[in-house]
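Examining the three-dimensional arrangement
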Amino acid sequence: MKLRFFLYTILFCVFGLCHAQNKDWTKLAKEQENYRLTEPEKSIKIGEDIIAHCDIDSLKAKIYCRLGSSYLQTGDYKKSLEYHKIARYELAKHHIKTSYKVVNLSDLSSIYNKLELFDKSKLAIDDLFKIIKKEKTNDKLLLALAYNIKAEYFNTQKEYDLGINNSLEALKNIDAFVPTDDLTVLQKNQQTLNVLSKLCTEYNEKGDYIMAEKYALKALSYAKESKNIFTTVSVKNILADSYVNTNRPKEAITIIEEYKDNNNISLTSKFTLNNILSQAYSKLNDSKNSEYYRNKKDSILEIINKNKINASNDLIKLAEEEKKEEEQKVWQNKMIYSGIILLLVATIVALYFYYKNNRRKERAKFEAIIRKYNEKNTIEPDTIIEEIAIINTPTPTIELPKEDKEVLSPEMENYILEQLDKFEKTEKYLSKDLTLSKLASTLKVNTNYLSHVINAHKQKNFNSYINELRINHITQKIYENSEYTTYKISYLAELSGFTSHSAFATVFKNITGISPSSFIEMAQEKQNKTE
């Protein structure tokens, strides 16, 4: 009893621990999402831990996507690309909701933009809008993200007006979004910050520094609420650049100087920051500091270019692997299609030969039936046999044995055979309601005797005997009279004494070995040749 209690306790604890762990993964995944928007490096740490230890594949698919986004914010395009490539496959495999697919494709487009692979960026955007259209999503934040990434693409092409239009469309969707909890409030603020940053960059590139500063100050108000240092530095760089372009170098230095030695910001932000500082000090005629920051900028640019080359090489490698996989799939599909085609051809050829062989057999059976008719016609005189009135045929003056006797006398047996022979020369077997008892009554013989004679001398039971007479009758009519070849099979069935088309076709095939339609076709061919 104690041992059983102990085992139950252990099982309960294990189950509880597993359940708690599952809940912990869900909780950690939520934390990772929060940090993705505010502190991407923490998000990366949590995400890597989940990937390493969690065994819930559908959850890991989302984590891969978030890791890709977090690495993108830190400027590690190589890692971002790796995780987003995995995410794209896993999201499709586990049928994860649209929002992750949109984030995945928008980030991939952004990476391609930064690596100057604009064709790939455009393809990712096209796929993104196809998904939105297909899923018929009305999520305003997702739509804002899609328009925002589209704006980024147009900016790389120096089509700033198109970029501004898409950024404003993104902002309109963000304004229409109503948050439901703290996380969606955070998401809305982060999206707003991203779009405002984009707008001030676009106006800055156009040379409209007043509008650039306007949106930069708006973005800065959102950046102050955000703990995301990467976004904050990016916004301050844009505002500082605007100050430099409007001859306010001191304000530019003031706003970004605190980050000049910060190693937690991305290389891209460091490059931009040092470039602005170099320009600002140049405007202040401070050549020493200007040169210092220019040298730092050039050193960072070398690292960025090196990373770009590495990331591009990795992307090329990935593309080559994808191409090989695609080629292998194409080859496999070709092999499958070739196999299917060969199988179809083999099936068609087999069916053809089966048809030809079956047709040959049917032809042989048809010819055998015709020979039988021809032989019969040569033996018997070509005269019209008058129908014999069986009812009026005199019964031989022999003593009929009693019904309960087991042995049928030879005289009665011969009498029944004679009557059957006369019956066969009539067409009374075409009557639909003909039965053994009715025929026995017509022949004025005992039912059991009649059945015995048919079984013994015709080697078949009554139904088979009558069916054979009917089929022999109708086949002869079809062969000898071309008019019969024009009748429908249902009508031929009726003329033959059958109550249904299907019963007639089955009996016809069983007796002749040929279907009614095949027999009619061959009879027509024979008749045409005779003509």
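Position numbers for residues start from 1 in each chain and track the written sequence from start to end. Restriction of local features to residues with pLDDT of at least 70 applies here, the model being predicted, together with a cutoff of 80 or more for giving and counting side-chain atom pairs; totals for whole chains, interfaces and linings are based on all residues. The side-chain quantities take in all heavy atoms of the structure and omit both hydrogens and water.

What to know about helix α11 (residues 229-245)
Taking 1.5 Å per residue as the helical rise, α11 with its 17 residues ought to reach 24 Å, and the 24 Å between its terminal C-alpha atoms agrees with that figure. With 13 of its 17 residues buried, α11 lies for the most part within the structure. A run of DSSP states H or I qualifies as a helix once it reaches four residues; a run of E qualifies as a strand once it reaches two. Both are numbered from the N-terminal end. Just downstream of α11, N247 is the residue with a positive phi angle, here 60°. Expected span of a helix, by definition, is 1.5 Å for each gap between consecutive residues, and there is one gap fewer than residues. Burial classification: accessible surface area is computed with a 1.4 Å probe over protein chains only, and a residue below 20% of its type maximum counts as buried, one above 50% as exposed, and the rest as partly exposed.

Section: the environment of V233
By the element assignment, V233 lies in helix α11. Here the alpha-carbon distance between V233 and L273, two residues 40 residues apart in the chain, equals 8.4 Å. In contact with V233, other than residues within four places in its own chain, are Y259, I265 and S269. The contact definition used throughout considers only heavy atoms, calling two residues in contact when any of these lie within 4.5 Å.

What to know about the side chain of R66
Position of R66 relative to the elements: it lies in helix α3 (residues 57-74). Any pair of nitrogen or oxygen atoms within 3.5 Å is treated as a polar contact; in protein, a donor-acceptor pairing is required on top of that, and neighbouring residues in sequence qualify only through side-chain atoms on both sides. Within the structure, the side chain of R66 is placed 2.5 Å from the side chain of Y100, a separation counted as a polar contact. In this structure, R66 is in contact with A29, K30, Q32, E33, R36 and Y100, ignoring residues within four places of it in sequence.

Topic: the packing of helix α16 (residues 436-443) against helix α17 (residues 447-457)
Between N-to-C directions, angles cover 0 to 180 degrees, with each direction set by a line fitted to C-alpha atoms, over the stretch in contact for helices. α17 packs onto α16 with a crossing angle of 105° between their chain directions and a minimal axis gap of 9 Å. As judged from the angle between their axes, α16 and α17 are roughly perpendicular. Judged by residue contacts, L436, S437, L439, A440 and L443 of α16 engage T447, L450 and S451 from α17. Note on residue classes: Ala, Val, Leu, Ile, Met, Phe, Trp, Tyr, Cys and Pro are nonpolar, Asp, Glu, Lys and Arg are charged, and everything else, Gly too, is polar. When the residues that make up the contact of α16 with α17 are grouped by side-chain class, the tally is five nonpolar, three polar and no charged. Our angle categories are set so that under 35 degrees counts as roughly parallel, over 145 as roughly antiparallel, 65 to 115 as roughly perpendicular, and the remainder as oblique.

Thoughts on the confidence of the model for the protein chain
Known as pLDDT, the predictor's per-residue confidence is scaled from 0 to 100. Per-residue confidence for the protein chain gives a mean pLDDT of 83, with 88% of residues at or over 70. Mean pLDDT per element in the protein chain: helix α1 (residues 2-38) is the minimum at 64, and helix α8 (residues 160-176) is the maximum at 94. In this model residues 14-21 is a low-confidence stretch, pLDDT under 50, and it forms zero contacts with partners more than four residues away in sequence or in other chains. Low pLDDT, under 50, characterises residues 379-405; the stretch is placed with 29 contacts to residues that sit more than four places away or in other chains.

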